[in-house]
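Per-entry structural report
If you want the building blocks of each chain, they are given just below.
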Amino acid sequence: MAKLRRHHPGESLMPARSTPTALRAAALLLLTLLALTPAPAPAADNASSAPPSPDDTTGLYDRPVLVVDPDRHTAPIIRASIDAAGRFAVTGSDDKTVRVWSLADGALLRTIRVPAGPGNVGKIYAVAISPDGALIAAGGWTAEDGKPQVIHLFDRASGASVGRIGESWDVVKHLTFSPDGRRLVATLGKTSGIRLYDRERNWAETARDADYGGDSYGAAFSQDGRLATSSLDGKVRLYDAALRRLAVWDSGSGQRPFGVAFSPDGQRLAVGFDDSTRVALLDGRSLAPLAEPDRGGIDNGDLSKVAWSADGKTLLAGGRYANDAGYPVVAWADGGRGKRRMIAAGQSTLMSLAPLADGGLLAAATDPYLARLSAEGAAVWTQGPPQADFSGQRRTLTLSADGLRVDFGYQQWGKEPARFDLSSLTLSLAPAADGGAIPPNQDALPITDWNYTVSPKLAGTALPLRPFEMSRSLAVQPGARRFVLGTEWSLRAFAADGAPLWRRPAPSVVWAVNISGDGRLAVAAYGDGTIRWHRMEDGRELLAFMPLVNKKDWAAWTPEGFYDATPGARDALRWHVNRGWNAADSLSVSAIPSSHRPDLLLRALRDPDGVTALGRADVAAVQQEVTARTGVNPGAKLHALTIGIKNYGSKASQLRLDYADADARDVARALTGDRGRLYVKGSQQVLSNDDATKPGIFRALQTLRGAMASGNDRDIAVLLFSGHGMLVDGEYYLLPHGVDARDSVGVASSGLSLSELKRQVSLLAAKGRVLLLLDACHSGAAANNAAPDAQQLGSQLKLPQVSVLTSSSANQPSRENADWGHGAFSKALLEALDPDSSVNRNREISILGIATYVRKRVAVLTSSGQSVGMELSFDDDLFDPKL
């Protein structure tokens, strides 16, 4: 199975110097490296490596999602490129946008939203503009793991997609056009090498070199068409116009070439390295080494990005090297042989250097920061980060006891303090110390090594994180019953004994976290400049707030799209809408009048169920308006996977149920009805009889996980299994079609164990809430072993975000009746789900209401012959007949 591979640039994370600037660099660099080293995607059972159909948009958001866009990048700029005439600059970023800028004055001309999905999907690592300024190429993490990555082509003037090219199994690291605009080269991750595309062949691939031993981050054309590339395998390669190798230079043991640049006359090639401040100079035709520039005193970071001034007289380099003033561009006169000077260029790692015809330079950095510098080094214009910088505030993010007031700093280490009060929806600067601001408790439990490490510990035992997941912040709940850990990729909650409780994907690094004095709310400050309130019970996001760096504008919103904002921030919150694999667009929330509801923001935090439970009509109105404007409903979805097995096959001919397949079919229909619908219809799968094999069930669960990925934790999945169960050597098994029930060995090898079911359900619960309905009890024909008690079965499946109903207790057979046409459990369930039945009497249909009714009704139907068990971790309404 072809899979995307992890990408490790391998740079040391800390600069050699420990100046405040250098420490800030380390944090920003880590964000950059993690952008290039994406969070691992969960393994997909039975995933196919075949290229997806254009109609298969699995991995993309399947509905509008809220994004913050204050007309500037909100995440590190990874690459920048300019046209030959120096009119336009394009930038690509982790914020999943490509932006077009006027080089004359720095004005934003266009934002191009790329098709995006959860996690890394949509992050742009490479961008290039054609020499004539007409075409933009962008690549990066353009699809989910296990699908081909592509290069997007956009028309610069309109921003419209003009197609996708270049399927590969590794992400694109760098893109550049040849000087005549005819050829486009893409460098790829790991050992995939490089690809060459030709405009005259409709951008079809014309050549490739896959003989690489590491990631390739650099490529440059000379004016006569030669191509040079770099690779972390230590080599620089030189090609002719047909991609035939002319020469190879080995930089030496352990060296990692990163950026390359030809001098304007093509006679020299500069090479930067990601593991040192070395800048090598090579002959542009033979790659023979030349004298290297003086680096005396440049003693930290790297100079991995290299360029030449337009006249070729000045060699330029920058990267992670920091001095007391910031992150300079190092400039050597006389083509690297003369005196050296420092050009002030920013306050974070430099990612791109693009020389201009007037001797100036465009510099891009991870802040995110973009600037045009004059030949003398003065800033002609700059575009700095629009958001607050919460780094260094892990001990200073403070809350009021009820969590409704948060104190933070606009700048690193909590400098330029401010306060946002949700009770009055006011932002104030330099708040007075009044004793009501409570810092995070980080000492109530023996948690160590939690700041800036991949191995935080509780009482000396490592806490379970993903490989390379860096811990950054900590808060212990009052009473020390739980604690929350913020990492580069996640917000995680643990019990006091270290048992994981929940995990929520983070929009960016979690710089700081705190917990309200009443223990209800976890409040996290993220690297994207947002502060978000989460329900401590399950991590569900309730509210988000973003202060803009001008210190007067802000926006606050709920996941449903209700918001309030100052006039200068009303267009900063937008609905992102995918239009298949080629295009995406967005709609400002200010265009939806019904979504401006300041009164609902406070309600979202004070009510334990958030705004949804109290403002259903309001939620429906917003969804209807967004749907009307975008053509896609943004609402949470109700998914159903119902499994019913009447016939078991030749190896279990003694097993039979009369109505299990009807149970699956009719419960699915009840869940997809329109009457009183609170949720948008989601994935609907019915597996009956020979479709309900063990592999078939696993494939259906994989499909269900994919369908829930866009739900922002708000989707609900209902999973029904109607069939037989059996206990073997202390392990309970659900019996799929085709099970070998001739003996316990057969059942253990071909049944679906409770532990495996729990693992599968936990994967679903990481993406939303799950209602698990098990009508799988002991059958006299199934085994001589006693089945577990219904309540015990539910307890064994207890998980955060999962509610379980089980049909019967130990050794109780499943009751079926021809008059019902169903089993007793499904008969009662169908009655409970019917919004028009007298059972509900025009009331909301909740999980608890369903469970209570089913328990009582099954006892009546079976004359107490079946006892339903329940284990509820949430109690949401599924239907509201009043709507």
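Residues numbered from 1 in each chain as written. Predicted model: local features only at pLDDT ≥ 70, side-chain atom pairs only at ≥ 80, totals over all residues. Heavy atoms only, no water.

Along its length, the protein chain carries 11 helices and 60 strands. Pairs at least 24 residues apart make up 55% of the contacts formed inside the protein chain by residues separated by at least 6 positions. When the accessible surface of the protein chain is summed, it comes to about 30,700 Å², and 49% of that surface belongs to carbon and sulfur atoms. (Helix = DSSP H or I, 4+ residues; strand = E, 2+ residues; numbered from the N terminus. Contact = heavy atoms within 4.5 Å. Areas by Shrake-Rupley, 256 points an atom, 1.4 Å probe, with all protein chains shown as cover.)

All right, on to helix 6 (residues 694-708) then. The terminal C-alpha atoms of helix 6 lie 21 Å apart, and with 15 residues this matches the ideal 21 Å at 1.5 Å per residue to within 8%. All buried positions along helix 6 are accounted for by Gly696, Ile697, Phe698, Ala700, Leu701, Leu704, Arg705, Ala707 and Met708. Structurally, the start of helix 6 carries an N-cap: the backbone nitrogen of glycine 696 is 3.0 Å from a side-chain oxygen of threonine 693. (Expected span 1.5 Å × (residues − 1). Buried < 20%, exposed > 50% of the residue type's maximum accessible area, 1.4 Å probe, protein only. Polar contact = N/O pair within 3.5 Å; in protein donor to acceptor, adjacent residues only side chain to side chain.)

Time to look at the pattern of salt bridges. Applying the stated rule across the entire model yields 45 salt bridges. Residue glutamate 205 pairs with arginine 208 through a salt bridge whose shortest N-O separation is 2.7 Å. The class of glutamate 205 is partly exposed, set by a relative accessible area of 30%. Within this structure, Asp62, Arg63, Lys637 and Asp715 form a network of salt bridges that share partners. (Salt bridge = Lys/Arg side-chain N within 4 Å of Asp/Glu carboxyl O.)

Taken together, the 4 strands give an open sheet; going across it, the order is 30-31-32-33, and neighbouring strands pair in antiparallel fashion. Two strands bound the open sheet, and with one partner strand each, they are strand 30 (398-399) and strand 33 (426-429). Note: strand 31 (residues 405-411) against strand 32 (residues 415-421), 6 bridges, orientation antiparallel. If you follow glutamine 411 over to strand 32, its bridge partner there is lysine 415. (Pairing = 2+ DSSP bridges.)

Across the protein chain, the average pLDDT comes to 87, with 88% of residues at 70 or higher. In this model, residues 779-786 is a region of pLDDT below 50 whose contacts with residues beyond four sequence positions or in other chains number 13 contacts. (pLDDT = per-residue confidence, 0-100.)

For the rest of this paragraph, the subject is the packing of helix 6 against helix 8 (residues 754-765). Orientation of helix 6 relative to helix 8, taken along the N-to-C sense of each, is 20°, at an axis distance of 9 Å. Judged by the angle between their axes, helix 6 and helix 8 are roughly parallel. Considering how the two elements wind past one another, helix 6 and helix 8 form a crossing that is right-handed. Across the interface between the two elements, Phe698, Leu701, Leu704, Arg705 and Met708 of helix 6 pack against Glu756, Gln760, Leu763 and Leu764 of helix 8. Among the residues making up the contact of helix 6 with helix 8, the classes are represented as 6 nonpolar, 1 polar and 2 charged. (Axes fitted to C-alpha atoms, helices over the stretch in contact; angles between N-to-C directions. Parallel < 35°, antiparallel > 145°, perpendicular 65-115°, else oblique. Left-handed = near helix turned anticlockwise from the far one by under 90°. Nonpolar A, V, L, I, M, F, W, Y, C, P; charged D, E, K, R; others polar.)

In this section: the nonpolar core. Counting residues in hydrophobic clusters, the biggest one holds 40 residues, and the most contacted among them are Leu641, Ile643, Leu734, Leu735, Leu757, Val761 and Leu772. Of all elements in the fold, only strand 49 (637-644), helix 6, strand 51 (716-728), strand 52 (731-734), helix 8, strand 54 (769-777) and strand 55 (802-806) reach the threshold of two or more residues within this core. Broken down by element, this core gets its largest block of residues, 6 residues, from helix 6. In terms of nonpolar packing, the next biggest core, distinct from the first, is built from 29 residues, Leu678, Leu720, Ile845 and Ile847 among them. (Core = buried A, V, L, I, M, F, W, Y, C linked by side-chain atoms within 4.5 Å.)

For the rest of this paragraph, the subject is the packing of aromatic side chains. Counted by the stated rule, this structure contains 10 aromatic pairs. Their ring planes at 15° and their centres at 5.2 Å tell us that phenylalanine 483 and phenylalanine 494 sit as a pair that is stacked. Taken together, the positions of phenylalanine 483 in strand 38 (residues 482-487) and phenylalanine 494 in strand 39 (residues 490-495) put the pair 11 residues apart, joining distant regions of the chain. With relative accessibility at 0%, the residue phenylalanine 483 sits in the buried group. Note on phenylalanine 494: relative accessible area 1%, which makes it buried. An aromatic cluster is present here, built from Phe390, Phe408, Tyr410, Phe420, Phe545 and Trp554 joined pairwise through their rings. In this arrangement the basic side chain of arginine 472 is found over the ring face of tyrosine 452, its NZ or CZ atom lying 4.5 Å from the centre. (Phe/Tyr/Trp six-rings, centres within 6.5 Å; stacked < 30°, edge-to-face > 60°. Lys NZ or Arg CZ within 6 Å of the ring centre and 35° of its normal.)

Pairing in this open sheet of 4 strands is antiparallel, and the strands run 6-7-8-9 from one edge to the other. This sheet does not close on itself; its edge strands, each paired only once, are strand 6 (123-129) and strand 9 (161-168). In this sheet, neighbouring strand axes are inclined to one another by 25° on average, regardless of whether the strands run parallel or antiparallel.

A few words now on unusual backbone geometry. The omega torsion of the bond from aspartate 367 to proline 368 falls at 15°, within 30 degrees of zero and hence cis. Within the secondary structure, proline 368 sits in the loop between strand 27 (361-365) and strand 28 (369-373). Even without being a glycine, leucine 243 presents a positive backbone phi close to 65°. Mapped onto the elements, leucine 243 comes out in the loop between strand 16 (235-239) and strand 17 (245-250).

A word on helix 10 (residues 824-833). The buried fraction of helix 10 amounts to 9 of the 10 residues, a majority that puts the element mostly inside the structure. Residues of helix 10 that are buried include every one of Ala824, Phe825, Ser826, Ala828, Leu829, Leu830, Glu831, Ala832 and Leu833, and no others.

Let's shift gears to the environment of methionine 351. Counting through the fold element by element, methionine 351 comes out in strand 26 (residues 350-355). Between the C-alpha atom of methionine 351 and that of alanine 364, which follows or precedes it by 13 residues, the distance is 5.6 Å.

We now examine the side chain of threonine 862. With respect to the helices and strands, the residue threonine 862 is situated in the loop between helix 11 (847-861) and strand 59 (869-871). Beyond its immediate stretch of four places on either side in the chain, threonine 862 contacts Arg815 and Ala824.

Take the pairing of strand 41 (residues 510-515) next. A large share of strand 41 lies buried, amounting to 6 of its 6 residues. Taken together, the 5 bridges between strand 41 and strand 42 (residues 521-526) define a ladder with antiparallel strand orientation. Within strand 42, the position partnered with alanine 512 by the bridge is alanine 525.

For the rest of this paragraph, the subject is the environment of serine 471. Locating serine 471 in the fold gives a position in strand 37 (residues 471-476). It is 5.5 Å that separates the C-alpha atoms of serine 471 and tyrosine 452, two residues lying 19 residues apart in sequence. Among residues more than four places away in sequence, those in contact with serine 471 are Trp450, Asn451, Tyr452, Thr453, Pro456, Leu465, Leu485, Gly486 and Thr487. At a separation of 2.4 Å, a polar atom in the side chain of serine 471 contacts the main-chain carbonyl oxygen of tryptophan 450.

What follows concerns the environment of leucine 491. Relative to the elements of secondary structure, leucine 491 occurs in strand 39. When its relative accessible area of 0% is taken as the criterion, leucine 491 is described as buried. Each C-alpha atom, one on leucine 491 and one on alanine 506, is 6.1 Å from the other, the two residues being 15 residues apart in sequence. Setting aside its immediate chain neighbours within four residues, leucine 491 contacts Val484, Leu485, Gly486, Trp502, Arg503, Arg504, Ala506, Val510, Val513, Ala524, Tyr526 and His534.

Moving on to the pairing of strand 22 (residues 305-308). Each regular strand carries side chains that alternate between the two faces of the sheet. Residues of strand 22 alternate between two faces, with Lys305 and Ala307 on one and Val306 and Trp308 on the opposite face, all of them buried. Bridge analysis of strand 22 against strand 23 (residues 315-318) gives 4 bridges, and the strand direction is antiparallel. Residue pairing for strand 23: alanine 307 is matched across the bridge by leucine 316. If you look at the hairpin formed by strand 22 and strand 23, you'll find 6 residues sitting between the two strands, and glycine 312 has a positive phi there, around 75°.

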